[in-house]
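Below, each chain spelled out in residue letters.
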Amino acid sequence: MKKSILILLLGCLLGGAGFSGFYYFGTADCRWMMNEPQPELAWLKKEFKLSDAEFARISQLHAAYMPQCAVRCQHIGAQNQKLRELFAQSTNVTPEIQALLTERAKTRADCEAEMMKHFLEVSRTMPPEEGKRYLAWVEEQTFLHGRGMGERHRSEKAGQTPDEHHM
Amino acid sequence: MNPNPGPENDESLRKVLRQWAVDAPLPPRFQEQVWRRIARAEAKPEQGFWTNLAKQVEALVPRPRFALAYLSVFLVLGVTAGAVAAQLKTSKLDSELSQRYVQSIDPYKADTAHR
């Protein structure tokens, strides 16, 4: 009986050791990324196979971009807030609302232009193939993708629902 | 055919039986198997499920082939489960960090995330 119990326990130990070993080595990248000061940038390094020099340069670009981005975010947020207040008080589009919409559109256009500049700078810092892949990825993930109205109206013209259009 | 042979036939049969010798070799571990059968036959029929299971395990597990197969299966299961769990965790973290990166550079995404 002792021998049987020993063999059964050994099986459990082997299974546990196999699980732990593969899990530990399989998640080594995760631990490395989470231990970095900016895990999202560490992810960028891993995903786009950046060298240390490229990563250092992209980290600098990111650090330079972030404060400007924060200012623009605050500006857009303030404009949105003001627009909500004006909209709540008005029954039609006043000249003040019209001016704010124009100003907001200008701020958004500036913001988008800065974003595009940043994406292009980052992509130029990467190896060419990875740079292309990065641009395709940010295009898919950010405002550049333009999901919504354009596709919706194309679908309506073709007599399809947007879902059908994507199929 | 006479089903009840006389005493003289009985005597000759005894003689033949006394001279009869088995020279065929016994199968390997014959005695052990006989004792095992006897033990099994003497075992009380009201034994519970767990007792039976324990006995079966006790009989099966020490066999080298079974033990090797059992250990191999557990090792393969552990390794596969570990690899799958690591893959799931990595994919989840990759997805989270990629979204964090997008939110850090795209004010519209950041705005959506903060709502």
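Residues numbered from 1 in each chain as written. Chains lettered and ligands numbered in written order. Predicted model: local features only at pLDDT ≥ 70, side-chain atom pairs only at ≥ 80, totals over all residues. Heavy atoms only, no water.

A. A look at the overall build of chain B. If you tally the helices and strands in chain B, you get five helices and zero strands. Reading the helices (α) and strands (β) of chain B from amino to carboxyl end gives α-α-α-α-α. Buried residues in chain B amount to 17% of all 115 residues. By element, 62% of the accessible surface of chain B is carried by carbon and sulfur atoms, the whole surface being about 9,400 Å². (Helix = DSSP H or I, 4+ residues; strand = E, 2+ residues; numbered from the N terminus. Buried < 20%, exposed > 50% of the residue type's maximum accessible area, 1.4 Å probe, protein only. Areas by Shrake-Rupley, 256 points an atom, 1.4 Å probe, with all protein chains shown as cover.)

B. Structural view of the nonpolar core. In this structure, Trp43, Leu44, Phe48, Met126 and Tyr134 of chain A together with Tyr101 of chain B are the most contacted members of the largest nonpolar core, which totals 28 residues. For this core, the element with the most residues is helix α4 (residues 52-89) of chain A, which contributes six residues. One finds Ile7 of chain A together with Val61, Ala67 and Tyr70 of chain B within the second-largest nonpolar core, a separate group that totals five residues. (Core = buried A, V, L, I, M, F, W, Y, C linked by side-chain atoms within 4.5 Å.)

C. Molecular detail of a nonpolar patch on the surface. Together, Leu26, Phe30, Val34, Trp35 and Ile38 of chain B give the surface a local cluster of nonpolar side chains, amounting to about 490 Å² of exposed area. Along the chain, Ile38 of chain B turns up in helix α2 (residues 30-42). (Patch = residues over 30% accessible without salt bridge, like charges linked within 9 Å, V, L, I, M, F, W, Y side chains within 5 Å. Salt bridge = Lys/Arg side-chain N within 4 Å of Asp/Glu carboxyl O.)

D. Up close: the side chain of Ser104 of chain B. Secondary-structure assignment places Ser104 of chain B in helix α4 (residues 64-105). Looking at Ser104 of chain B, the relative accessible area reads 11%, which means it is buried. At a separation of 2.6 Å, a polar atom in the side chain of Ser104 of chain B contacts the main-chain carbonyl oxygen of Tyr101 of chain B. Among all residues touching Ser104 of chain B, those that are not within four sequence positions of it are His62, Tyr65, Met66 and Cys69 of chain A. (Polar contact = N/O pair within 3.5 Å; in protein donor to acceptor, adjacent residues only side chain to side chain. Contact = heavy atoms within 4.5 Å.)

E. Quick peek at the pattern of salt bridges. Residues and elements named next belong to chain A. In this structure the tally under the stated criterion is 15 salt bridges over all chains. Here Arg133 and Glu47 are joined by a salt bridge, their closest N and O atoms 3.2 Å apart. Of the two residues, Arg133 sits in helix α6 (residues 128-141) while Glu47 sits in helix α3 (residues 39-47), which places them 86 residues apart along the sequence. A relative accessible area of 33% places Arg133 in the partly exposed class. In this structure Glu47 comes out as partly exposed when scored by relative accessible area, which is 27%. If you follow the salt bridges from partner to partner, you end up with Glu47, Lys49, Glu130 and Arg133 in one network.

F. Expanded view of the confidence of the model for chain B. Across chain B, the average pLDDT comes to 84, with 84% of residues at 70 or higher. The secondary-structure element of chain B with the lowest mean pLDDT is helix α5 (residues 107-114) of chain B, recorded at 59, while α4 of chain B shows the highest, at 94. (pLDDT = per-residue confidence, 0-100.)

G. Summary view of the interface of chain B and chain A. Between chain B and chain A, the contact holds 34 residues from the first and 45 residues from the second. Regarding the contact of chain B and chain A, the summed buried area is about 3,500 Å², with carbon and sulfur atoms giving 73% of it. The largest per-residue losses of area from chain B upon contact with chain A belong to Tyr101, Ile105 and Tyr108 of chain B, which jointly make up 21% of the total buried on that side. In this structure, the salt-bridge partner of Glu40 of chain A is Arg100 of chain B, at a minimum N-O distance of 3.5 Å. Elements supplying a minimum of two residues to the side of chain B that touches chain A: α3 (49-60), α4 and α5 of chain B. Broken down by element, the side of chain B that touches chain A gets its largest block of residues, 24 residues, from α4 of chain B. The class makeup of the residues in the side of chain B that touches chain A is 21 nonpolar, six polar and seven charged. (Buried area = accessible area lost by both parts, 1.4 Å probe. Nonpolar A, V, L, I, M, F, W, Y, C, P; charged D, E, K, R; others polar.)

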